[in-house]
Amino acid sequence: MRSPKKILIFGATSAIAYETAKLFARAGASLYLCARSKYELERLAFDLQVRGAAEVRISVFDALDDHSITAAIDACLEAFPDLEAALIAHGTLPDQRLCETDQSELRKVIEINFTSVAVILHWLALHFEERGSGTIAVISSVAGDRGRQSNYAYGAAKGGLTIFLQGLRSRLAKSNVNVLTIKPGFVDTPMTAHLPKNFLFARPDRIAEGIYTAMRRGKDVVYLPFFWRWIMLAVKLIPERIFKKLKV
Ligand SMILES: NC(=O)c1ccc[n+]([C@@H]2O[C@H](COP(=O)([O-])OP(=O)(O)OC[C@H]3O[C@@H](n4cnc5c(N)ncnc54)[C@H](OP(=O)(O)O)[C@@H]3O)[C@@H](O)[C@H]2O)c1
């Protein structure tokens, strides 16, 4: 198991991404961090350097701004032409009820969770395909495994992302590039701060350990924690005529 030494992270301020970046920093990797806030990026860069990162560079980007995405990727590839791995972590969990009444909110959810990630993957695929090796890891969600009335806008974006990654994985396999789909269940992060907590919620550092190991092992798909694979298998097996009557 070899740990990549030059890694790009989109959504670097996410709690899960930060915990994963800490593990790469401890292994002495060089990191290129992208997020919305320059102040937070500078703070993270300092923190990760203290934790052992060989080098940390930053770029500001907003998932709703295509130009900032391509500018960040260009800047990263100029700094790290030998980029070995990427983790895409940004995302937003919307108010489903708001998505049912506000068209712009619905569009925003799809653009942040799906379209912006697909655009980033488009550029990264070209880089890694030409390089003939590499790892692309993306945080999708168990929510993408089945549409539920309580969060199908988010679920649809993540489900679309999962399918996109599946196709990309097959395309890039012949170029020796690994595409990892990460499907966490509930994680206790700022994204879920408003939700009542129960035993199913995992800590972000535990999810990060799973991501770090899966990236190093060249896995295709991981459910984190692992038991979500079995929970989602059961959820997917419920017949539609019963599922539509459940309040989930
Ligand atoms: N928490 C869970 O239960 C859970 C479960 C399954 C999957 N996930 C996925 O895990 C990933 C990480 O989430 P998290 O739990 O670590 O939550 P988090 O700490 O709230 O992180 C969300 C991240 O998304 C970024 N973001 C939101 N809108 C953005 C935009 N327009 N442009 C750029 N960045 C934007 C945020 O940036 P700012 O810091 O600038 O706000 C933040 O870095 C997400 O893809 C999420 O969908 C989470």
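I will try to describe carefully the structure that is included in this document.

What follows is about the environment of F61. Mapped onto the fold, F61 is located in the loop between strand 3 (55–60) and helix 3 (66–79). Take F61: there are 26 C-beta atoms within 10 Å of it, and that puts it in the buried class. Setting aside residues up to four positions removed in sequence, F61 forms contacts with C34, S68, I69 and A72.

Turning to the environment of K38, a few remarks are in order. Tracing the chain through its elements places K38 in helix 2 (residues 38–50). In this structure K38 comes out as exposed when scored by C-beta crowding, with 11 C-beta atoms within 10 Å. Separated by 12 residues in sequence, K38 and R26 place their C-alpha atoms 23 Å apart.

The terminal C-alpha atoms of helix 6 (residues 152–173), which comprises 22 residues, lie 31 Å apart, in line with the 32 Å expected from a rise of 1.5 Å per residue. Tucked inside the fold, the buried residues of helix 6 contact helix 4 (96–99), helix 5 (103–131), strand 5 (134–139) and strand 6 (177–184).

Attention now goes to the nonpolar core. The biggest cluster of nonpolar side chains holds 74 residues, and the ones touching the most others in it are I9, A12, L31, L33 and I136. Of the residues forming this core, the biggest block, 8 residues, is contributed by helix 5.

Before going further, it helps to spend a moment on the pairing of strand 7 (residues 221–224). Pairing of strand 6 with strand 7 involves 4 bridges; the strand directions are parallel. Residue pairing in the sheet places P184 in a bridge with L224 of strand 7. With helix 7 (residues 204–217) bridging strand 6 and its parallel neighbour strand 7, the resulting β-α-β unit is left-handed.

Surveying the vicinity of the ligand reveals 25 residues, the closest of which are S14, A63, G91, T189 and M191. Split into classes, the residues belonging to the shell around the ligand amount to 13 nonpolar, 10 polar and 2 charged.

Next up on the list: the packing of helix 1 (residues 15–26) against helix 7. Interaxial distance between helix 1 and helix 7 falls to 8 Å at its minimum, and their mutual angle equals 55 degrees. Classified by the interaxial angle, the pair formed by helix 1 and helix 7 is oblique. Viewed along their axes, helix 1 and helix 7 form a crossing whose handedness is right-handed. Contact with helix 1, carried on its side by A15, I16, E19, T20 and L23, involves P204, D205, I207, A208, I211 and Y212 of helix 7 and no other residues of that element. For the contact of helix 1 with helix 7, the class distribution of residues is 8 nonpolar, 1 polar and 2 charged.

Conventions used here
Residues numbered from 1 in each chain as written. Predicted model: local features only at pLDDT ≥ 70, side-chain atom pairs only at ≥ 80, totals over all residues. Helix = DSSP H or I, 4+ residues; strand = E, 2+ residues; numbered from the N terminus. Buried ≥ 20, exposed ≤ 12 C-beta atoms within 10 Å, placed from the backbone. Contact = placed C-beta atoms within 7 Å. Expected span 1.5 Å × (residues − 1). Core = buried A, V, L, I, M, F, W, Y, C linked by C-beta atoms within 7 Å. Pairing = 2+ DSSP bridges. Right-handed = clockwise from strand over helix to strand, strands pointing away. Near = placed C-beta within 6 Å. Nonpolar A, V, L, I, M, F, W, Y, C, P; charged D, E, K, R; others polar. Axes fitted to C-alpha atoms, helices over the stretch in contact; angles between N-to-C directions. Parallel < 35°, antiparallel > 145°, perpendicular 65-115°, else oblique. Left-handed = near helix turned anticlockwise from the far one by under 90°.

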